[in-house]
Every structure is written in structure tokens, then in C-alpha cells.
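Summary of the model geometry
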Amino acid sequence: QVQLSESGGGLVQAGGSLRLSCAASGTISSTMYWYRQAPGKERELVASITLSGRTNYADSVKGRFTISRDSAKNTVALQMNGLKPEDTAVYYCHTEIFSFAVKYDYWGQGTQVTVSS
């Protein structure tokens, strides 16, 4: 059983920055993801990072957001710069763990990010 806990959300003005952090209760060797869900919209992938550090970003955040991980501390972070009102959403940390060919999905409780114009 893995528990993910996000922190770092808040209210910021457009153009500002926030750093989200996700702490895992155990060692995570799989890809880590940040998703977000805005009111009335579907949850969308924001960024991902593999164990080796390969990253991927949604087009809407490329050049503004940076995902990183510290495997020794079992944490993953999302540095968000140049925030826009459309970045307002609940941000979730996510990972998938495979055990005996069964996939287990783990999600954090989410952290609210609100960007004012």
C-alpha cells in the first residue's frame, strides 16, 4: 500500500510561482505523474517523470512547469512558473505500481492551486 500526500498549493497572482511537492510513504520506482482537474473539466495529465529522470509535459505547461524527483526521499515536485488563471485546478500526484501483472493506481488527496488575474 502506497500513500501519496501533496502540499504547496495556494492562491497566487497571474505570473507568479508555486512549488508543489508530493511525498510517498514508500519507495517508488515507477513513473510519477502530476495531474490536474479544473471545475467542470476532466482530469488532465500535466507532467510525468520516470525513475531515470525522463520528463514529459502537456503542451499547455511546457516551458513554465518543471517536474523533478528525489528518489532517496521518495518525493516528486512540480515547480510552476508564469502561472496563468487557466492553471487554476486541484493538482494530484499519481503513480502506478505493477505487482504480478496487476496494476495498482495510487492518488494523493490533491492540493488546490488558484491563480488570480
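Described below are features of the structure shown in this document. Not measured: the values here are computed from a predicted model. (Residues numbered from 1 in each chain as written. Predicted model: local features only at pLDDT ≥ 70, side-chain atom pairs only at ≥ 80, totals over all residues. Heavy atoms only, no water.)

Under the defined criterion, the tally for this structure stands at 1 disulfide. A sulfur-sulfur distance of 2.1 Å marks the disulfide that ties Cys 22 to Cys 93. Handedness here is read from the sign of the S-S torsion; for Cys 22 and Cys 93, about -80°, the answer is left-handed. Of this pair, Cys 22 sits in strand β3 (residues 18–24) while Cys 93 sits in strand β9 (residues 89–99); the two residues are 71 residues apart in sequence, bridging distant segments of the chain. You'll find Cys 22 and Cys 93 in the same group, each marked buried. (Disulfide = S-S within 2.5 Å. Helix = DSSP H or I, 4+ residues; strand = E, 2+ residues; numbered from the N terminus. Buried < 20%, exposed > 50% of the residue type's maximum accessible area, 1.4 Å probe, protein only.)

Turning next to the side chain of Thr 50. Mapping Thr 50 onto the fold places it in the loop between β5 (44–49) and β6 (55–57). A distance of 3.0 Å separates polar atoms of two side chains, one belonging to Thr 50 and the other to Ser 52. Not counting residues up to four positions away in its chain, the partners in contact with Thr 50 are Thr 31 and Arg 69. (Polar contact = N/O pair within 3.5 Å; in protein donor to acceptor, adjacent residues only side chain to side chain. Contact = heavy atoms within 4.5 Å.)

Sheet analysis places strand β4 (residues 32–37) next to β5, joined by 5 bridges and oriented antiparallel. Across the sheet, Tyr 33 pairs through a bridge with Ser 48, a residue of β5. Remark: 6 residues form the turn of the hairpin made by β4 and β5, two consecutive strands paired antiparallel; Gly 40 in that turn has positive phi of roughly 75°. One ladder, built from 3 bridges, connects β5 with β6; its direction is antiparallel. For Ala 47, the partnering residue across the bridge sits in β6 and is Tyr 57. Taking the residues that link successive antiparallel strands as the turn, the β5-β6 hairpin has 5 residues, and the phi of Gly 53 there is positive, at about 100°. (Pairing = 2+ DSSP bridges.)

Grouped burial of nonpolar side chains is what soluble globular proteins tend to show. Core analysis: the largest hydrophobic core is formed by 29 residues, its most contacted members being Trp 34, Leu 78, Met 80 and Tyr 91. Among the elements of the structure, β3, β4, β5, β7 (65–70), β8 (75–80), β9 and β11 (111–116) are those that each provide at least two residues to this core. The residues touching Leu 78, leaving out its near neighbours within four places in the chain, are Leu 18, Arg 19, Leu 20, Trp 34, Val 46, Ala 47, Phe 65, Thr 66, Ile 67 and Tyr 91. (Core = buried A, V, L, I, M, F, W, Y, C linked by side-chain atoms within 4.5 Å.)

Moving on: the sheet that holds β3. Spatial strand order, β1-β3-β8-β7: 4 strands in an open sheet with antiparallel pairing. Each having just a single partner strand, β1 (4–7) and β7 make up the two edges of the open sheet. The mean angle between the axes of side-by-side strands here comes to 15°, regardless of whether they run parallel or antiparallel. Where β1 meets β3, 4 bridges bridge the pair, whose relative direction is antiparallel. Counterpart to Glu 6 in the pairing with β3 is Cys 22. (Axes fitted to C-alpha atoms, helices over the stretch in contact; angles between N-to-C directions.)

Here the focus is unusual backbone geometry. Note: most residues except glycine have negative phi, and most peptide bonds are trans. One non-glycine residue with positive phi stands out, namely Asn 74, at about 55°. The residue Asn 74 is located in the loop between β7 and β8 in this model. Even without a glycine there, the phi angle at Phe 100 is positive, about 50°. Tracing the backbone shows Phe 100 in the loop between β9 and β10 (102–107). For Phe 100, a relative accessible area of 82% corresponds to the exposed category.

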